[in-house]
Amino acid sequence: MTVLFLLNPGDHVLITDSVYYPLKEFCNMLSKLNINVGYFNPRDEYTLKTLT
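Residues numbered from 1 in each chain as written. Predicted model: local features only at pLDDT ≥ 70, side-chain atom pairs only at ≥ 80, totals over all residues. Heavy atoms only, no water.

### Considerations on the environment of leucine 23
Turning to step 1, where the next piece is worked out: Tracing the backbone shows leucine 23 in helix H2 (residues 21-28).
Turning to step 2, where the next piece is worked out: Residue classification places leucine 23 among the partly exposed residues on the basis of a relative accessible area of 32%.
Turning to step 3, where the next piece is worked out: Distance in space between the C-alpha atoms of leucine 23 and leucine 7 is 15 Å, their sequence separation being 16 residues. (Helix = DSSP H or I, 4+ residues; strand = E, 2+ residues; numbered from the N terminus. Buried < 20%, exposed > 50% of the residue type's maximum accessible area, 1.4 Å probe, protein only.)

Okay, here's the thing in structure tokens:
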């Protein structure tokens, strides 16, 4: 619920790729609300740079 409260259509959120699986499944459904989700590996700064 917190994620839905903080995000609006058109937003882009970055989440670590090691996030809790049910949250990842929930975030995959955010595209229906026009919210883009990018997953990154916190140990690889290149993946974060390509998503921002």
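We are not done yet, so read on.
### Side note on unusual backbone geometry
Turning to step 1, where the next piece is worked out: Look at asparagine 34: it is not a glycine, yet its phi comes out positive at around 65°.
Turning to step 2, where the next piece is worked out: With respect to the element layout, asparagine 34 can be found in the loop between H2 and strand S2 (36-40).
Turning to step 3, where the next piece is worked out: Judged by relative accessible area, which is 47%, asparagine 34 ranks as partly exposed.

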